[in-house]
Amino acid sequence: MAVDVGHYYAEPGVISASGIPEFEFNLKLASQTRQELENLGLRVRMVGEKGDLVFLNHRTRAAAGADLFVSIHHDSMRERVLATKRDELAGFSLFVSRNNPHARKSLACASAIGAELRGAGFTPSRYHADPVIGENRPFADEANGVHFYDNLAVGKTAAMPSVLVEAGVIVNRQEEKRMLDPQVRAQAKDLQPPLEVSEWIEATLVDEPPASVEDGGLVREGVGGELDALGGGRRG
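What counts and how
- Residues numbered from 1 in each chain as written.
- Predicted model: local features only at pLDDT ≥ 70, side-chain atom pairs only at ≥ 80, totals over all residues.
- Heavy atoms only, no water.
- Buried < 20%, exposed > 50% of the residue type's maximum accessible area, 1.4 Å probe, protein only.
- Helix = DSSP H or I, 4+ residues; strand = E, 2+ residues; numbered from the N terminus.
- Pairing = 2+ DSSP bridges.
- Salt bridge = Lys/Arg side-chain N within 4 Å of Asp/Glu carboxyl O.
- Axes fitted to C-alpha atoms, helices over the stretch in contact; angles between N-to-C directions.
- Contact = heavy atoms within 4.5 Å.

(A) Structural detail: the pairing of strand β7 (residues 162-169). With eight of its eight residues buried, β7 lies for the most part within the structure. In this sheet, β7 lies alongside strand β3 (residues 69-75) in parallel orientation, the contact comprising six bridges. Following the sheet pairing, phenylalanine 69 is matched in β7 by serine 162.

Set out below in structure tokens:
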């Protein structure tokens, strides 16, 4: 599995409510995630942890051979809504590209991650789908906070399934405090089953995931937990 640290030192992403660059949040969460995954016996390749990877296609190139590419980020909101909704918009979001060569598996993995995050007590933000306060990113799986972002560079240039995770809205003052809480971060990082990612994908997802999660049938029967909700038929 490749764990990508979003942004880099020269362009560190959004600045949090208390003045911390996003890159620092990304690096800390990605490093904790790597440690947890390695403790479970997974092979993890860090990408961008030195803070010097400028070109996005170099990130996915550095992940060659991995079974899954996950890019770790923390979220913001449009400048014009900061004044009125700074402390209203909160939660996680996940993004996948339909231009990825494994688009269905990307979506299935994103939905599985979202289901696990919800099971750990996190809530999807959902505002990215709004045409006014968000960017009008269509939902791929609304319940689990997954959006389509077809021109996403780390999605469309990856040779393997790829998911971008926005772990929380750090311009929101209360959410930033939560994301700095070691107990909250421990919940966010402890999500991967103790299998090689390729084995987890094989064991968890059906052989031919549907194009839409609305059709159900993403995961094999008997997987358990929040993921079982992705295995049934079409939601009503």
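(B) Broad picture of the pattern of salt bridges. Counted under the stated rule, the structure contains six salt bridges. Ionic pairing is found between glutamate 88 and lysine 85, a salt bridge with its closest N-O pair at 3.6 Å. Where aspartate 150 meets arginine 98, a salt bridge forms, and the shortest distance between an N and an O atom there is 2.9 Å. Remark: arginine 98 occurs in the loop between β4 (93-96) and α4 (103-119) and aspartate 150 occurs in the loop between β6 (146-148) and α5 (153-156); sequence separation between them is 52 residues. On the basis of relative accessible area, aspartate 150 is assigned to the partly exposed category, the value being 23%.

(C) Here's a closer look at the sheet that holds β4. Read from one edge of the open sheet, seven strands run β2-β1-β3-β7-β4-β6-β5, paired in mixed fashion. The open sheet has two free edges, formed respectively by β2 (45-47) and β5 (139-141), since each of these has just one partner strand. The sheet shows a mean angle of 30° between the axes of neighbouring strands, taken without regard to direction. Judged from the two bridges that link them, β5 and β6 form a sheet pairing that is antiparallel. Each bridged residue has a counterpart across the sheet, and for aspartate 141 the counterpart in β6 is valine 146. Docked against the sheet, α4 engages β4, β5, β6 and β7, running at close to 175° with respect to β4.

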